[in-house]
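Examining the three-dimensional arrangement
One-letter residues, chain by chain:
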Amino acid sequence: MREKIKKVIKKLAGESNEIKDSSSYRLSIPLKIYPYALLYCGKILTKDELLISKQKLDYLIKENYFKVISSIKQTTDNIECLRCKNNYKEYFAMIDCKRCSKTHLYCRTCLQMNRVLACESLYYWHDKTIMFEEKEHVNQWQGKLTNAQQYGADKAVSAFQRQTDKLIWAVTGSGKTEIVFPVIAHALEQGKRVCVASPRTDVVKEFRLRVKSAFKDVSIAALYAGSEEQGINAQLIISTNHQLLRFKRTFDLLIIDEVDAYPYSSDQRLKKITQRSRKKQGTTIYLTATPSRALKKLPTVFISRRFHQHSLIIPQLKYSTQLNKSLKEKRLPQEFIQILNTRKKPQRQLLIFVPTVKLSTDLIEEITRLLKSQNLIKNKTEVKSVHASDEKRGEKVNKFREQKIYCLITTTILERGVTFPSVDVIVIQADNQVFNSAGLVQISGRAGRSSADPMGHVYFIINNNTEAIKKSIFDLKYMNNLKVR
């Protein structure tokens with residue numbers, strides 16, 4: 001990563017020497033500063049994250065490009081990490097520091113993203129004298145919005161123009177990504193900076209794939225744990241909420257996708273760093289199919305139909321009195337076999353949700369055997385399981401999307417933000433407390449997302465009918481009965 005960023009700096013430095021009197025950029029800084037401005041503008045970083053010499057750093061501080069700020073703020077009653085906004089005392093600890101040979105505080109919540117030490121400052125490039133190129137027609141998406149999508153898109157553009165926040169409440173499969181293309185384009189064409197943030201890495205990767213072809217002439221970076229683009233400071237950033245702790249007052253347009261999803265929905269610290277990344281005079285647009293009561297208090301545009309105009313799919317409940325006993329013995333209940341025997345379109349891929357990582361691995365052998373016995377697969381490589389800590393989950397999800405895998409067994413990590421063209425969905429032990437009502441609505445929304453196959457099937461295999469299941473089915477029926485926009 002360090003070598004890649006150094007190459008970027010060298011490349012930008014070479015390009016800056018060629019710039020004489022460009023109307024594409026607003027430059028009121030020396031050309032030699034240009035590459036550093038593009039890389040660091042709007043970022044708040046530790047010294048280790050600044051891949052520049054001490055001499056160059058001292059110069060940039062002296063010329064007031066970088067502002068030096070304390071990393072940890074401590075008062076009699078409070079401690080706060082000024083990078084990640086952690087202010088819980090139990091998440092700070094003392095360290096015998098080898099750098100300063102003293103004992104002092106460090107922030108434990110920052111450990112996975114470069115430790116923040118009380119003896120070292122943070123560096124914030126607060127100078128805003130450079131803007132990205134103003135362009136026309138940056139949106140090269142070849143599709144056409146439905147009337148409902150266009151309505152939502154117009155409301156989003158209007159919110160950006162008026163610098164007001166907006167909630168877009170759109171059912172699963174309504175095409176939320178395409179709905180925000182026009183407002184993203186509107187901001188980019190003005191040389192503004194845009195961030196699309198999501199709590200889930202898989203959602204970030206999916207969104208990155210879909211905007212890559214739509215905004216071909218715009219610099220784009222996807223930021224998540226393990227991303228090769230983490231050090232890049234593009235005009236359009238697609239990021240997990242955690243990665244935004246490195247930004248401050250950067251984005252003119254902030255789009256928060258899956259705003260009700262864990263961990264963003266319950267983590268006040270994540271909410272603070274996400275909102276800090278946006279300029280004070282910017283706009284935040286919230287996207288979700290399952291908003292909380294608090295979110296519904298925002299100015300809202302509601303889209304009640306999927307882009308292909310078919311209704312949301314209502315799950316079929318399959319009661320199994322032996323469900324829990326079977327799963328403990330690593331066996332599948334008879335109801336699962338019945339589903340396989342009665343599927344109308346067995347050519348559809350199978351997306352199977354389970355409540356625990358253990359079940360995702362316990363059942364793979366039995367599921368593989370059943371699918372082979374019905375000639376639905378030829379070999380065991382066509383069945384895979386994924387979970388949050390699976391290092392190959394991105395590769396497996398891509399293979400499933402490319403239909404190189406027939407059956408994917410997953411935990412809740414794929415309940416939202418991913419699109420597969422033709423699947424049947426089975427939730428094994430849907431009555432487990434892991435599955436809340438919003439999650440079950442999202443899971444149901446994985447089926448029927450293609451206009452070529454808009455009516456997949458969703459099955460909940462359960463022992464008991466829980467309040468979460470009842471509410472999810474009520475909500476799905478309620479949205480189906482609302483007036484079509």
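Further up the page is the structure itself.
Residues numbered from 1 in each chain as written. Predicted model: local features only at pLDDT ≥ 70, side-chain atom pairs only at ≥ 80, totals over all residues. Heavy atoms only, no water.

Attention now goes to the packing of aromatic side chains. Applying the stated criterion across every chain, the model contains 11 aromatic pairs. The interplanar angle of 75° and the centroid separation of 5.9 Å between the aromatic rings of Trp141 and Phe181 together place this pair among those described as edge-to-face. Note that Trp141 is positioned in the loop between strand 8 (122-125) and helix 4 (147-162) and Phe181 in helix 5 (residues 176-189), a separation of 40 residues in sequence. For Trp141, a relative accessible area of 29% translates into the label partly exposed. Using a relative accessible area of 1% as the deciding quantity, one classes Phe181 as buried. Taken together, the ring pairs in this structure connect Tyr40, Tyr65, Phe66, Tyr123 and Trp125 into an aromatic cluster. Over the aromatic face of Tyr106 sits the side chain of Arg115, whose NZ or CZ is 5.2 Å from the ring centroid. (Phe/Tyr/Trp six-rings, centres within 6.5 Å; stacked < 30°, edge-to-face > 60°. Helix = DSSP H or I, 4+ residues; strand = E, 2+ residues; numbered from the N terminus. Buried < 20%, exposed > 50% of the residue type's maximum accessible area, 1.4 Å probe, protein only. Lys NZ or Arg CZ within 6 Å of the ring centre and 35° of its normal.)

Moving on, we come to the pattern of salt bridges. Overall, the coordinates contain 30 salt bridges when judged by the stated rule. A salt bridge links Asp202 to Arg393; its shortest N-O distance comes to 2.9 Å. Of this pair, Asp202 sits in helix 6 (residues 201-212) while Arg393 is found in helix 12 (residues 393-401), placing the two residues 191 residues apart along the sequence. Arg393 shares its class with Asp202; the two are buried. A salt bridge links Glu395 to Lys399, with the shortest nitrogen-to-oxygen separation between them at 3.5 Å. One end of the pair, Glu395, and the other, Lys399, are both in helix 12, four residues apart, so they sit about a helical turn from each other. When salt bridges with common partners are traced through the structure, they connect Arg200, Glu258, Asp260, Glu415 and Arg416 into a single cluster. (Salt bridge = Lys/Arg side-chain N within 4 Å of Asp/Glu carboxyl O.)

Let's shift gears to the packing of helix 13 (residues 437-444) against helix 14 (residues 467-481). Packing of helix 13 against helix 14 leaves a shortest axis separation of 8 Å and a crossing angle of 55°. Compared by their axis directions, helix 13 and helix 14 come out oblique. Relative to helix 14, helix 13 is oriented so that their crossing is right-handed. From helix 13, Ser437, Leu440, Val441 and Ser444 reach across to helix 14, where they touch Ala468, Ile469, Lys471, Ser472, Asp475, Leu476 and Met479. Of the residues that constitute the contact of helix 13 with helix 14, the class distribution is six nonpolar, three polar and two charged. (Axes fitted to C-alpha atoms, helices over the stretch in contact; angles between N-to-C directions. Parallel < 35°, antiparallel > 145°, perpendicular 65-115°, else oblique. Left-handed = near helix turned anticlockwise from the far one by under 90°. Contact = heavy atoms within 4.5 Å. Nonpolar A, V, L, I, M, F, W, Y, C, P; charged D, E, K, R; others polar.)

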